[in-house]
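Coordinate analysis (summary)
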Amino acid sequence: MLQWLHKLASPKIFYNLASRLIPWFGWSTLLLLVYGLYGGLIEAPADYQQGDSFRIMYIHVPAAWMSMFIYLVIAFHSAVFLIWKITISDILARVSALIGASFTFIALVTGCLWGKPMWGTYWIWDARLTSELLLLFIYLGYMGLGSAIEDRRVAARACALLAIVCVVIIPIIHYSVIWWNTLHQGSSVSVMNKSAIDTSMLIPLLVMAIAFKLFYVLVVLMRARTELLFQERKTNWVRKLIQEK
Amino acid sequence: MNAFTALLKRDLLLAYRNRGELANPMLFFIIVVSLFPLAVSPDPSILEGMAAGVIWVAALLSTLLSIERIFRSDFDDGTLEQILLCPQPLPILMLAKVSAHWLVTGLPLIIVTPLLALLLHLPEGTLGILMLTLLLGTPVLSLVGAIGVALTVGLRRGGMLLTLLILPLYTPVLIFGANAVQAATMGLDVTGQIYLMSGLLVLSLTLAPLAIGSALRVSVS
């Protein structure tokens, strides 16, 4: 297992594997997205209270889940990079940041659009909205630090360290903003208990969540491949690759 | 321990020799606070409600402004490299640097707070709570801010970036600090907030020096 992982960390093998995996992830993302959107936007019944406007949930909730999930991925890869000095981990963490920031932004914007008809206002200083906004700032800070440092190796280590510091502080920020009176509804999906949401609405949501995850992997692989080629542009295998094409 | 006191003494002495600069963060603090009545309203009943929040935000900005200097001159003249080469444990030395910074910039803020509380009509009886939260909170600001400075010290223009990096991380302190004073104004119990702020202080006292140390090793190489 370890040996296999070690092999995977070699840029050339990772590049080839990513090239082979990309079509698979691409098609499965497309399939699930179409199915999830059809199920969510057309098949699922309208909500008895919110009417059709609840359907934005099929974008909003998966995006919000992804915004947090991707940060954990970044922190995990940063730790791997700092401990074992695996370049691939640095690349994966750094290319994930922009995707994570985009998902955070999407979650915020869809939340605002939903809030206008439901709450009567685009923005409320509610706990979840605020912590999502702060998460966006943290993503932007992370990317800002990465692009401000010119030396690539210094930037990699500084970003990894920042990601780990932030992952300690993010739960504190999250729980400190919960102190306010929370307007955002509680979580409706739960693994342990029966969900408060009907199955006909839940299935498209879960399909969308999986589709978003696959989409993330797809984009990360594509971006990582490009970044890898750029960083390894002076090595023999990249030169050979270019000559073959 | 000897290294800790030696470095602390050196930093305090350096600050004392530059007495002129010493007052700047404090003046900034006072000026920012006095802008609010001009901009919002001089009405005592409105000021009363925002006093704690305004003082906390001003303290946060003042720390942000002064924290950048914590490693700057040492980085420029090479002292920082010598500190990194010391055989003493780096986190202890970092703790000394941050303590010196807090004594020079954080403590004066707390000392002038009663004056500002008077200017902003802070409700009577809550001044003690405000000063206690500042006492617990400003060291956290210095410790967390120093991590950001350590990451950006090698950059020529790190100022704006530093703001982006550390302001989001300051929010828990701000929320608990301002919240405690507001709760005290309404006559509620504030033990919870005080305990949480003490928790933050202990957490950052133990973990931040390690992070500052490793961040400096990355930036200075």
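Residues numbered from 1 in each chain as written. Chains lettered and ligands numbered in written order. Predicted model: local features only at pLDDT ≥ 70, side-chain atom pairs only at ≥ 80, totals over all residues. Heavy atoms only, no water.

1. Overview of the overall build of chain B
Of regular secondary structure, chain B possesses 10 helices and 0 strands. The order of α-helices and β-strands along chain B, N terminus first, is α-α-α-α-α-α-α-α-α-α. Relative to the globule expectation of 17 Å for 221 residues, the C-alpha radius of gyration of chain B, 18 Å, shows essentially globular dimensions. With the C-alpha coordinates of chain B rotated into their principal frame, the extents come out at 55 × 35 × 30 Å. (Helix = DSSP H or I, 4+ residues; strand = E, 2+ residues; numbered from the N terminus. Rg over C-alpha atoms; globule rule 2.2 N^0.38 Å.)

2. Quick notes on the overall build of chain A
Each helix and strand counted, chain A has 8 helices and 0 strands in total. From first element to last, N terminus to C terminus, chain A shows the α and β order α-α-α-α-α-α-α-α. Taking the principal axes of its C-alpha atoms as reference, chain A extends roughly 65 × 40 × 30 Å. Residues counted as buried form 44% of the 245 residues belonging to chain A. For chain A, contacts bridging at least 24 residues in sequence account for 78% of all contacts bridging at least 6. Split by element, the accessible area of chain A, about 13,700 Å² in all, is 68% carbon and sulfur. (Buried < 20%, exposed > 50% of the residue type's maximum accessible area, 1.4 Å probe, protein only. Contact = heavy atoms within 4.5 Å. Areas by Shrake-Rupley, 256 points an atom, 1.4 Å probe, with all protein chains shown as cover.)

3. Looking at the interface of chain B and chain A
Often, the extent of an interface is quoted as the loss of accessible area on bringing the components together. In this complex, chain B contributes 26 residues to the contact, which on the side of chain A involves 25 residues. Each partner contributes to the roughly 2,100 Å² buried at the junction of chain B and chain A, and carbon and sulfur atoms together form 85% of this total. Sorting the residues of chain B by area buried against chain A places Leu151(B), Leu169(B) and Val218(B) first, and these three jointly supply 26% of that buried surface. Here the side of chain B that touches chain A is built from residues that sort into 19 nonpolar, 6 polar and 1 charged. (Buried area = accessible area lost by both parts, 1.4 Å probe. Nonpolar A, V, L, I, M, F, W, Y, C, P; charged D, E, K, R; others polar.)

4. Observations concerning the environment of Leu21(A)
Tracing the chain through its elements places Leu21(A) in helix 2 (residues 11-43). Sequence separation of Leu21(A) and Leu218(A) is 197 residues, and the distance between their C-alpha atoms is 8.3 Å.

5. Some details on the nonpolar core
If you look at the biggest cluster of nonpolar residues, it comprises 145 residues, and the most contacted ones within it are Phe29(B), Phe71(B), Ile212(B) and Leu216(B). If we ignore the near neighbours within four places in the chain, the residues touching Leu216(B) are Phe71(B), Leu80(B), Leu84(B), Met94(B), Ala150(B) and Val153(B). (Core = buried A, V, L, I, M, F, W, Y, C linked by side-chain atoms within 4.5 Å.)

6. Some details on the packing of helix 7 (residues 90-119) of chain B against helix 10 (residues 191-219) of chain B
All names here are of chain B. The N-to-C vectors of helix 7 and helix 10 enclose an angle of 105°; their axes lie 8 Å apart at closest approach. On the basis of the axis angle, helix 7 is roughly perpendicular to helix 10. Only Leu 205, Pro 209, Leu 210, Ile 212, Gly 213, Leu 216 and Arg 217 of helix 10 make contact with helix 7, whose side of the interface consists of Leu 90, Pro 91, Met 94, Leu 95 and Val 98. Taken together, the residues that form the contact of helix 7 with helix 10 break down as 10 nonpolar, 1 polar and 1 charged. (Axes fitted to C-alpha atoms, helices over the stretch in contact; angles between N-to-C directions. Parallel < 35°, antiparallel > 145°, perpendicular 65-115°, else oblique.)

7. Focus on helix 4 (residues 87-119) of chain A
All names here are of chain A. The first and last C-alpha atoms of helix 4 sit 46 Å apart over 33 residues, in line with the 48 Å expected at 1.5 Å per residue. At Ala 97, helix 4 shows its strongest bend, of approximately 30°. In the segment just after helix 4, Gly 120 is the residue with positive phi, at about 85°. (Expected span 1.5 Å × (residues − 1). Bend = angle between axes of the 7 residues up to and from the residue.)

8. Comments concerning the pattern of salt bridges
Counted according to the given criterion, the structure contains 6 salt bridges over all chains. Its salt-bridge partner being Asp90(A), residue Arg94(A) comes within 3.5 Å of it at the nearest N-O pair. Placement of both Arg94(A) and Asp90(A) in helix 4 is noted, with a separation of 4 residues, approximately one turn of the helix. Residue Arg94(A) is classed as partly exposed on the basis of its relative accessible area, which comes to 25%. Judged by relative accessible area, Asp90(A) falls into the buried class, the value being 5%. Arg72(B) is paired through a salt bridge with Asp76(B); the nearest N and O atoms lie 3.8 Å apart. Taken together, the positions of Arg72(B) and Asp76(B), both in helix 5 (residues 69-76) and 4 residues apart, correspond to about one turn of that helix. Overall, Arg72(B) belongs to the partly exposed group, its relative accessible area being 25%. Among the residues examined, Asp76(B) registers a relative accessible area of 56% and is labelled exposed. (Salt bridge = Lys/Arg side-chain N within 4 Å of Asp/Glu carboxyl O.)

9. Brief notes about the packing of helix 3 (residues 57-84) of chain A against helix 4 of chain A
All names here are of chain A. Helix 4 packs onto helix 3 with a crossing angle of 160° between their chain directions and a minimal axis gap of 8 Å. Considering their axes alone, helix 3 and helix 4 lie roughly antiparallel with respect to each other. For the pair helix 3 and helix 4, the crossing hand works out as left-handed. When grouped by side-chain class, the residues that make up the contact of helix 3 with helix 4 number 15 nonpolar, 11 polar and 1 charged. (Left-handed = near helix turned anticlockwise from the far one by under 90°.)

10. Some remarks on the packing of aromatic side chains
Overall, the coordinates contain 6 aromatic pairs over all chains when judged by the stated rule. Both rings, one in Tyr71(A) and one in Tyr139(A), keep their centres 5.6 Å apart while their planes meet at 70°; by these two values the pair is edge-to-face. With Tyr71(A) in helix 3 and Tyr139(A) in helix 5 (residues 127-148), this residue pair connects regions lying 68 residues apart in the sequence. Across from the ring centre of Phe69(A), 4.7 Å away, lies the NZ or CZ of Lys213(A), which sits over that ring. A cation over a ring is seen here: Arg19(B) above Tyr16(B), with NZ or CZ 4.6 Å from the ring centre. (Phe/Tyr/Trp six-rings, centres within 6.5 Å; stacked < 30°, edge-to-face > 60°. Lys NZ or Arg CZ within 6 Å of the ring centre and 35° of its normal.)

Taken by themselves, the reported measurements are silent on function.
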